[in-house]
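The residues making up each chain are set out below.
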Amino acid sequence: MDWTEIEVVVKNQFEDNIVGILYLFDIDGINIKDSRDYEEFAKEKPYWVVLDEEDFEKSDFITVKTYLKNDDEIEENLQILQERISEFEREYNEKVILKIDSKIKTEDWANEWKKYYKPTKVGKNFIIKPTWEDYNLSENEIMIELDPGMAFGTGTHETTALCLEALEKVDLKDKTVFDIGSGSGILSVGALKLGAKKVEAVDIDILGVEATLDNAKLNKVEDRIIVHHGDLCEKLNSKADVIVANILAHILVKLLDDISKFIKDEGIFIGSGIIEEKYSDVENALIKNNFEILEVNKNKDWVCVIARRKNA
């Protein structure tokens, strides 16, 4: 099925008018981009969410987007749409930007992005492979098969790569690992493939929980992983040999007081998601919580730290 994409830009006070016009047609739904939603979320967002103000531009305009089926009535529907928009402009003396893009294919929405995601080598031995690609492993290579969907990235971001490289440097054989903020579950899977006995993963986002479980099954390690839905450390009730946390620096600083309660003496902490200029905050928090810093690695502007919990 081919579709025609309809995009309307109008002052936000006229949202109901435009939505009302679009729902005259056979559509499945409408997407609205409105800076007011950002402002409202910024006021009430959870503490662990960081918003980049540079990516936000306050505007009195909204963008309304939907799709019309390219069936036998498409030409007539587009003509009616343009007439209704023109009537609105005359009635309210307001200019509307109407963009029409024909021949959008359903499969393009779901699959277009996949062509840019190929098997990728990360660290010394890891190969991250999407489920729809083929790859022949060489000796010593470790496959992580991933189906990230569009809720999480491809697993090749600098911070993820740094964490996988750090996991390769740690003796994980028969160890218990906690993965804090598991996302796609790639670090959990990586730890298990490196010989960890058990992983407990936790994520505040239910999509992260589902993705971690799905990717654990894809890699046939689901029998050695427990995935919790909750606020990071609140679901954990034991101590790990290794804790890995690929989250932002200010969250790591807050969490380290808790993380120190969930790691064994001489246990290893791996932390990333740290932008370079924020590393000193994490370093100070580690020292405060009785960690010895073993190694600091960088990839572009991102930092990963490996630290050992000192004996109490």
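Placed above this text is the structure.
Read on for an overview of the structure. (Residues numbered from 1 in each chain as written. Predicted model: local features only at pLDDT ≥ 70, side-chain atom pairs only at ≥ 80, totals over all residues. Heavy atoms only, no water.)

1. A short note on the overall build of the protein
Secondary structure summary: the protein contains nine helices and 14 strands in total. Taken over 312 residues, the protein has a buried fraction of 43%. Looking at the protein alone, contacts between residues at least 24 apart form 65% of all its contacts between residues at least 6 apart. Of the roughly 16800 Å² of accessible surface on the protein, a fraction of 45% belongs to carbon and sulfur atoms. (Helix = DSSP H or I, 4+ residues; strand = E, 2+ residues; numbered from the N terminus. Buried < 20%, exposed > 50% of the residue type's maximum accessible area, 1.4 Å probe, protein only. Contact = heavy atoms within 4.5 Å. Areas by Shrake-Rupley, 256 points an atom, 1.4 Å probe, with all protein chains shown as cover.)

2. Structural notes on the environment of I293
Relative to the elements of secondary structure, I293 occurs in strand β13 (residues 291-299). When the C-alpha atoms of I293 and E283 are compared, they prove to be 7.9 Å apart, with ten residues separating the residues in sequence. Dropping the residues within four chain positions of it, I293 is found in contact with Y279, E283, L286, V305, I306 and A307.

3. Let's talk about the side chain of T4
Here T4 shows up in strand β1 (residues 2-11). By relative accessible area, T4 is classed as buried at 1%. A polar atom in the side chain of T4 sits 2.6 Å from the side chain of N70. (Polar contact = N/O pair within 3.5 Å; in protein donor to acceptor, adjacent residues only side chain to side chain.)

4. Quick notes on the environment of H229
Mapped onto the elements of the fold, H229 is located in strand β10 (residues 225-229). The contact partners of H229, leaving out residues within four places of it in the chain, are D203, I204, D205, I206, V209 and K235. One polar contact links the side chain of H229 to the main-chain carbonyl oxygen of I204, over a distance of 3.1 Å.

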